[in-house]
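# Topology and contacts: notes
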Amino acid sequence: MTTARLDKVQQFRSLHSSDRPLALANAWDVASARVIAAAGAPAIATTSAGIAWSLGHPDGESLPFEQVEERIARIAAAVDVPVTADIEGGYGRDAADVAETVARILHAGAVGVNIEDGTRPPAELAARLTVARAAAERAGVSLFLNARTDTYLFGLGDPATRLKDTLERARAYVDAGADGIFVPGVTDPDTIEELAAGISVPLNVMAGPGTPDVAALGALGVARVSLGSGVAQTAYTAARHAAQQLYETGGYDSLTNALAFHELNGLFPNELRP
């Protein structure tokens with residue numbers, strides 16, 4: 001591993017702290033990654049949904065993995081900060097396939113990945129995490145392995161035992177090699193605090209309107225805050241609003257607060273200048 005790569009790995013790991021949670025505005029292409037980095041982001045996380053939509057596919061591993069890999073490589077090459085990649089369930093039929101996915105994502109330049117359980121049995125994600133950790137060790141990269149559990153996002157199981165079930169999954173995922181646990185879909189402060197207290201590694205939550213702000217989440221024990229597909233959704237909402245205004249009223253007021261052309265264009269010096 002190069003010294004620069006090692007520095008990014010260590011830098012990314014050090015950013016996970018509830019004292020000052022790592023806030024991630026997820027990117028989906030080079031332009032969004034550079035805009036986010038220019039805003040002061042200490043790291044870039046990708047959104048699988050945003051990448052899929054930008055390439056004409058729905059979210060949910062419907063996009064050929066080669067296109068995901070190529071997009072991650074472009075983003076990693078375009079920014080100076082560490083990059084962590086959303087690889088959904090690992091882009092494989094079983095745990096064995098995940099080893100190749102992780103090896104290729106590491107080669108693309110990422111220093112972290114998210115792998116999710118979705119509706120799979122917890123044991124299946126645990127097996128995928130074990131394989132992912134082994135693949136990273138073979139590559140000589142201290143990969144930050146973030147395990148996502150969708151118990152709250154998908155409303156899995158009995159609501160009365162959901163917290164207990166989530167904590168049990170988290171412990172199994174940590175035992176399998178996870179460095180962090182991502183629990184999207186939970187916004188209740190008391191539940192978040194219980195999750196943080198019951199999980200031995202950094203807790204990641206997904207934020208949006210109605211979620212406590214980053215500092216408040218840190219006070220609850222959260223070490224990482226992600227916006228998920230929210231930034232991409234906001235960008236496409238802006239595009240729809242501009243188009244609707246143009247075609248319905250003939251107006252252009254929705255363009256008033258757009259980034260200046262020279263400012264946005266100036267984020268791409270390597271691509272645009274010989």
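Here, every reference points to the structure presented above.
What this report covers is the structure whose coordinates are included nearby. Please read all numbers here as calculations on a predicted model, not as lab measurements.

## Digging into a nonpolar patch on the surface
Together, Leu 246, Tyr 247, Tyr 252 and Leu 255 line one region of the surface with nonpolar side chains, adding up to about 500 Å² of accessible area. Structurally, the position occupied by Leu 246 is in helix 10 (residues 230-248). Looking at Leu 246, the relative accessible area reads 37%, which means it is partly exposed.

## Examining the pairing of strand 3 (residues 83-86)
Neither face of strand 3 is left uncovered, since the one carrying Val 83 and Ala 85 and the one carrying Thr 84 and Asp 86 both have all their residues buried. Note that strand 2 (residues 44-45) and strand 3 share 2 bridges and pair parallel. Across the sheet, the residue bridging to Ala 45 is Thr 84, located in strand 3. The sheet contact formed by strand 3 and strand 4 (residues 112-116) spans 3 bridges and is parallel. Looking at strand 4, one finds that Ala 85 is bridged to Val 113. Assessed by its sense of winding, the connection that carries the chain from strand 3 through helix 5 (residues 95-108) to strand 4 is right-handed.

## Some points on helix 1 (residues 3-14)
The end-to-end C-alpha distance of helix 1 is 16 Å, a good match for the 16 Å that 12 residues give at a rise of 1.5 Å each. Among all positions of helix 1, only Arg 5, Val 9 and Phe 12 are buried. Buried residues in helix 1, looked at end-on, bunch into an arc of 70 degrees, giving them a common side. The exposed set on the far side of helix 1, more than 90 degrees from its buried face, consists of Thr 3 and Ser 14. Buried residues along helix 1 sit against strand 1 (22-24), strand 3, helix 5, strand 5 (144-148) and strand 8 (224-226).

## As for helix 7 (residues 162-175)
Relative to the 20 Å expected for 14 residues at 1.5 Å per residue, helix 7 spans 20 Å between its end C-alpha atoms, a close match to the ideal helical length. Of all the positions in helix 7, only Arg 162, Thr 166, Leu 167, Arg 169, Ala 170 and Tyr 173 are classed as buried. Projected down its long axis, helix 7 shows its buried positions confined to an angular sector of 160 degrees, all on one face. Next to the buried residues of helix 7 lie helix 6 (122-139), strand 5, strand 6 (180-182) and helix 8 (189-198). A positive backbone phi angle near 120 degrees is found at Gly 177, which sits one or two residues after helix 7.

## Overview of unusual backbone geometry
Only a minority of non-glycine residues have a phi that is not negative, and only a minority of peptide bonds are not trans. The phi angle at Glu 61 is positive, at roughly 60 degrees, despite the residue not being glycine. You can see Glu 61 is positioned in the loop between helix 3 (48-54) and helix 4 (65-78). Here Glu 61 falls in the partly exposed class, since its relative accessible area comes to 26%. Of note in the backbone geometry, Tyr 91 takes a positive phi value of approximately 50 degrees without being a glycine. Within the secondary structure, Tyr 91 sits in the loop between strand 3 and helix 5.

## Structural notes on the packing of helix 2 (residues 30-38) against helix 4
Close contact between helix 2 and helix 4 brings their axes to 9 Å; oriented N to C, the two are set at 30 degrees. What the angle tells us is that helix 2 and helix 4 run roughly parallel. Viewed along their axes, helix 2 and helix 4 form a crossing whose handedness is right-handed. Where helix 2 abuts helix 4, its residues Val 30, Ala 33 and Arg 34 lie against Arg 74, Ile 75 and Ala 78. Broken down by class, the residue content of the contact of helix 2 with helix 4 amounts to 4 nonpolar, no polar and 2 charged.

Cut-offs applied
- Residues numbered from 1 in each chain as written.
- Predicted model: local features only at pLDDT ≥ 70, side-chain atom pairs only at ≥ 80, totals over all residues.
- Heavy atoms only, no water.
- Patch = residues over 30% accessible without salt bridge, like charges linked within 9 Å, V, L, I, M, F, W, Y side chains within 5 Å.
- Areas by Shrake-Rupley, 256 points an atom, 1.4 Å probe, with all protein chains shown as cover.
- Salt bridge = Lys/Arg side-chain N within 4 Å of Asp/Glu carboxyl O.
- Helix = DSSP H or I, 4+ residues; strand = E, 2+ residues; numbered from the N terminus.
- Buried < 20%, exposed > 50% of the residue type's maximum accessible area, 1.4 Å probe, protein only.
- Pairing = 2+ DSSP bridges.
- Right-handed = clockwise from strand over helix to strand, strands pointing away.
- Expected span 1.5 Å × (residues − 1).
- Arc of directions from axis to C-beta.
- Contact = heavy atoms within 4.5 Å.
- Axes fitted to C-alpha atoms, helices over the stretch in contact; angles between N-to-C directions.
- Parallel < 35°, antiparallel > 145°, perpendicular 65-115°, else oblique.
- Left-handed = near helix turned anticlockwise from the far one by under 90°.
- Nonpolar A, V, L, I, M, F, W, Y, C, P; charged D, E, K, R; others polar.

So yeah, pure geometry; function would need other evidence.
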